[in-house]
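Close look at the chain arrangement
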Amino acid sequence: QVQVKESGGGLVQAGDSLRLSCTASGRPFRDIAIGWFRHAPGDVRHFVAAINGGGSRPSYADAMKDRFTISRDNAKNMVYLEMNNLEPDDSAVYTCAAGVAASFSPSSLYSSENAYAYWGQGTRVTVSS
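When you go through the protein residue by residue, the secondary structure sums to zero helices and 11 strands. Compactness check: the protein gives a C-alpha radius of gyration of 13 Å against a globular reference of 14 Å for 129 residues, within 12% of the reference. Principal-axis analysis of the C-alpha atoms gives the protein an extent of 40 × 25 × 25 Å. Looking at the protein as a whole, 43% of its 129 residues qualify as buried. Looking at the protein alone, contacts between residues at least 24 apart form 59% of all its contacts between residues at least 6 apart. On the protein, roughly 6400 Å² of surface is accessible, and the fraction owed to carbon and sulfur atoms is 45%.

Encoded structure:
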């Protein structure tokens, strides 16, 4: 069993930056690909970003790749999602998920919820205009 926990959400203003953190335990951390998804009220869950276990392959949803950066520090068992120039439409619950493997092939699997077996509770981000 893998436990996943996010932190770092909050209320910010449009244009601000925010860094979310995710940690997972229960398996060697570098053996776990990590994905971030977000869910706004009344909407379905959307892929945001993901990173493979070794940290060499980040991937992003097209709408986020210019403003969001995902990284990981395996020595600290942490994955970070740096979000810059936030917009009100970025308001959502951001959830971190642990993948069933360290990496996926084809790479399109990184954006698939089916590639992730363990999910955190989510952290809320609210961006005011």
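Counted by the stated rule, this structure contains one disulfide. Disulfide partner of Cys-22: Cys-96, at an S-S distance of 1.8 Å. Looking down the S-S bond of the Cys-22 and Cys-96 bridge, the torsion is -70°, so its handedness is left-handed. A residue pair is termed long-range when its members are at least 10 positions apart, and Cys-22 in strand 3 (residues 18-25) and Cys-96 in strand 9 (residues 92-99) qualify at 74 residues.

Our focus in this paragraph is unusual backbone geometry. Here the residue pair Ser-105 and Pro-106 is connected by a cis peptide bond, since its omega of 5° sits within 30 degrees of zero. Relative to the assigned elements, Pro-106 resides in the loop between strand 9 and strand 10 (116-119). Positioned with a positive phi, Asn-85 is a non-glycine residue whose angle comes to about 50°. Topologically, Asn-85 is positioned in the loop between strand 8 (78-83) and strand 9.

Within this structure, the stated rule accounts for six aromatic pairs. By the ring-pair criterion, three or more aromatic residues cluster together here, those being Phe-37, Phe-47, Phe-104, Tyr-110, Tyr-116 and Trp-119. The side chain of Arg-19 reaches across the aromatic face of Tyr-80, ending 4.2 Å from its centre. The ring of Trp-119 carries the charged tip of Arg-45 above its face, separated from the ring centre by 3.9 Å.

So, about the nonpolar core. In terms of nonpolar packing, the biggest core is built from 37 residues, with Ile-34, Trp-36, Leu-81, Met-83 and Tyr-94 touching the most fellow members. The set of elements that each furnish at least two residues to this core consists of strand 3, strand 4 (34-39), strand 5 (45-51), strand 7 (68-73), strand 8, strand 9 and strand 11 (123-128).

A word on the pairing of strand 8. Taking burial as the measure, the six residues of strand 8 include five buried ones, the bulk of the element. Here strand 3 runs beside strand 8; their pairing, made up of five bridges, is antiparallel. Paired with Cys-22 across the strands is Val-79, a residue of strand 8. Between the antiparallel neighbours strand 7 and strand 8 lie four residues, among them Asn-77 with a positive phi of about 55°.

Basis of the calculations
- Residues numbered from 1 in each chain as written.
- Predicted model: local features only at pLDDT ≥ 70, side-chain atom pairs only at ≥ 80, totals over all residues.
- Heavy atoms only, no water.
- Helix = DSSP H or I, 4+ residues; strand = E, 2+ residues; numbered from the N terminus.
- Rg over C-alpha atoms; globule rule 2.2 N^0.38 Å.
- Buried < 20%, exposed > 50% of the residue type's maximum accessible area, 1.4 Å probe, protein only.
- Contact = heavy atoms within 4.5 Å.
- Areas by Shrake-Rupley, 256 points an atom, 1.4 Å probe, with all protein chains shown as cover.
- Disulfide = S-S within 2.5 Å.
- Phe/Tyr/Trp six-rings, centres within 6.5 Å; stacked < 30°, edge-to-face > 60°.
- Lys NZ or Arg CZ within 6 Å of the ring centre and 35° of its normal.
- Core = buried A, V, L, I, M, F, W, Y, C linked by side-chain atoms within 4.5 Å.
- Pairing = 2+ DSSP bridges.

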